[in-house]
There are 2 protein chains.
Amino acid sequence: MKFEDLKNGIIAGDRRALARGITLVESAREDHRSRAAELLAALPKDRAALRIGLSGTPGVGKSTFIESFGLMLTKRDLRVAVLAVDPSSARSGGSILGDKTRMDQLSREPRAFIRPSPSQSHLGGVARRSREAVALCEAAGFDVVLIETVGVGQSETVVAEMSDLFLLLLAPAGGDELQGVKRGIMEMADLIVINKADGELKGAARRTCADYAGALRLLRKRPQDPEGFPLAMTVSAIEEHGLDVAWEKMQELMQWRRAKGFWQRTRAAQARYWFEQDVKHRLLAQMETPEAREALETLSDRVAGGEIDPSSAARDFVARLRG
Amino acid sequence: MKFEDLKNGIIAGDRRALARGITLVESAREDHRSRAAELLAALPKDRAALRIGLSGTPGVGKSTFIESFGLMLTKRDLRVAVLAVDPSSARSGGSILGDKTRMDQLSREPRAFIRPSPSQSHLGGVARRSREAVALCEAAGFDVVLIETVGVGQSETVVAEMSDLFLLLLAPAGGDELQGVKRGIMEMADLIVINKADGELKGAARRTCADYAGALRLLRKRPQDPEGFPLAMTVSAIEEHGLDVAWEKMQELMQWRRAKGFWQRTRAAQARYWFEQDVKHRLLAQMETPEAREALETLSDRVAGGEIDPSSAARDFVARLRG
């Protein structure tokens, strides 16, 4: 696809062009990286989707939730993109959204766009690519971008850094214990949504919701929250219950944050953060070219053999890189 | 001091020259950094001290242990240097060895050299400087370099990466609980030394020692350990009891590791590690010059304002840096 066609296709909201664009930003090839940068620079910056970060461990019904929630939004004539940030795929080569059949109906919906997570990369790379994929979806005029991640360690932080609001999806717990959700994740959440509030689990879902509502009240008040937020609520993705309330709450929150300037400030701070991350990434990537790796190996052998001290060797290497 | 005098003074084991040299490697000034690199490159690489990493939380009697242990070594005609890696000084500006009176006798001993930890820097910088200070002490012909750290988080890992053996100092516990020592730290230790095995605490020290001996047996066997290691033992630094046994055990361990080639392999791997760390540090330091900071600020403002995307801005910045 020619550059102009790719760019115009994305701006027109063409899903094929968008998919191509994302493939481009995901590529590690230097010529692709150049084209991707060109593309990002050429796309309009005045379109802003609502970026919803969504985390939940396997088993909480994340796919079902995204499918039902996404379909509800498309029925309201909103265009929805679903992306995944999957740190585990770095090792396994697998991908949490690789199986599109997980969201069968949504994937056939013309107003929806589902993109599996990129694999075979470390979290730093995954993060940058996902962030650029979000930018492409925004430029393509999507109204909502859902950024999904599994609840393991660092990936929530990465997703939160590219989201306007963060949703933590949980399953009803057996007793009154909080399901080992780390304090840091709790503090990140704007909405805690207890899924599977249906059938036999309805009571358990309500109790779990009450537990989390209590836990949220114990957290320090954040300036970016209006009265009543962060909040805990129950939904049933399967019975499509409570999803409209969740959507209303999200809109209420975002309207307040926009009016008070928090949305704008967060976006600006996030852009600065990604800029600095990207600079660091690019500086360190200078070690990864074949020539650099070879020079590093040679020097490393000499350092290991005691011929040259680590600092002098590092100095030599960086001096050589720079000129 | 002239460069040649500094170099020759260190090689001759002169403590004033050594102190000057360490001040040089600790400095952040660019001209000092250059001179420090020159110095490190010019010093002999064929001297090897026994590098002992030593960790213990405040209250376990670390200073008393170092004083008694150090004096025992100097009495055996060994030259002992004591350095500190203190991550907390980065924030507080304080220093765990700042108060030399803590090791009153040892500091007056001509065969000993005590150096407070550098302050006002982040752990990355502290680590590099400490590693270079160790190299200077070795070049100055010290037989033993004790590298002290407080038991908080990452600093043990940093110290272990510059040590031949790692000693964990503990106080007797009240009951039979293991004093919340993290598994990672346990796995790092070659010797666990329970201090204060004197007076009323003697029994508690023995029980604590037995607990740790049991815990050590549950850890996976490491290839670099001969039969009987890692081990737990009791000492009394105040009564100068057990210190000779600890020293014998350390020598036994190191003789075995040297004979089997583990010492050599570990040193080589550590040198490679520090080389890579140093390269990364230097690459990222390109962001820290006044001109770079100014360019970063300007671009960051434009990124925050939505004029330019983070990736393009990062690309521009790095391209400008490189030429």
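Relevant structure appears above.
Given the structure is predicted, the values throughout are model-derived calculations rather than measurements.

(A) Broad picture of the relation of the copies chain A and chain B. Of the two same-sequence chains, chain A is brought onto chain B (RMSD 0.1 Å, axial shift 0.1 Å) by a rotation of 180 degrees. What the rotation and shift describe, once combined, is the action of a two-fold rotation axis. Of the interface residues in chain A, 100% have counterparts in chain B that sit at the interface too, so the contact is made through matching surfaces.

(B) Spatial organisation of the pairing of strand S5 (residues 165–170) of chain B. Residues and elements named next belong to chain B. Most of S5 is tucked away: six of the six residues are buried. Neither face of S5 is left uncovered, since the one carrying Leu165, Leu167 and Leu169 and the one carrying Phe166, Leu168 and Leu170 both have all their residues buried. Pairing of strand S1 (residues 50–55) with S5, which is carried by four bridges, proceeds in the parallel orientation. Each residue of the ladder has a partner; that of Ser55, found in S5, is Leu168. Inspection of the sheet shows S5 paired to strand S6 (residues 191–194) by four bridges, in the parallel sense. By the bridge assignment, Leu167 is partnered in S6 with Leu191.

(C) View of the packing of helix H13 (residues 290–304) of chain A against helix H14 (residues 310–322) of chain A. All names here are of chain A. It is at 10 Å that the axes of H13 and H14 come closest, and there the two elements cross at 160 degrees. Classed by the angle they form, the pair H13 and H14 counts as roughly antiparallel. The hand of the H13/H14 crossing is right-handed. From H13, Ala292, Ala295, Leu296, Leu299 and Val303 reach across to H14, where they touch Pro310, Ala313, Phe317 and Arg320. Here the contact of H13 with H14 is built from residues that sort into eight nonpolar, no polar and one charged.

(D) Here's a closer look at the nonpolar core. Counting 37 residues, the largest nonpolar core has Ile52, Phe65, Phe69, Leu167, Trp247 and Met250 of chain A as its most contacted members. Setting aside residues no more than four positions away along its own chain, Trp247 of chain A makes contact with Leu50, Ile52, Phe69, Met72, Leu73, Arg76, Leu78 and Val144 of chain A. Ranked by size, the runner-up nonpolar core spans 36 residues in total, among them Leu50, Leu73, Leu191 and Val193 of chain B.

Calculation criteria
- Residues numbered from 1 in each chain as written.
- Chains lettered and ligands numbered in written order.
- Predicted model: local features only at pLDDT ≥ 70, side-chain atom pairs only at ≥ 80, totals over all residues.
- Heavy atoms only, no water.
- Least-squares fit on C-alpha atoms with pLDDT ≥ 70 in both.
- Contact = heavy atoms within 4.5 Å.
- Buried < 20%, exposed > 50% of the residue type's maximum accessible area, 1.4 Å probe, protein only.
- Helix = DSSP H or I, 4+ residues; strand = E, 2+ residues; numbered from the N terminus.
- Pairing = 2+ DSSP bridges.
- Axes fitted to C-alpha atoms, helices over the stretch in contact; angles between N-to-C directions.
- Parallel < 35°, antiparallel > 145°, perpendicular 65-115°, else oblique.
- Left-handed = near helix turned anticlockwise from the far one by under 90°.
- Nonpolar A, V, L, I, M, F, W, Y, C, P; charged D, E, K, R; others polar.
- Core = buried A, V, L, I, M, F, W, Y, C linked by side-chain atoms within 4.5 Å.

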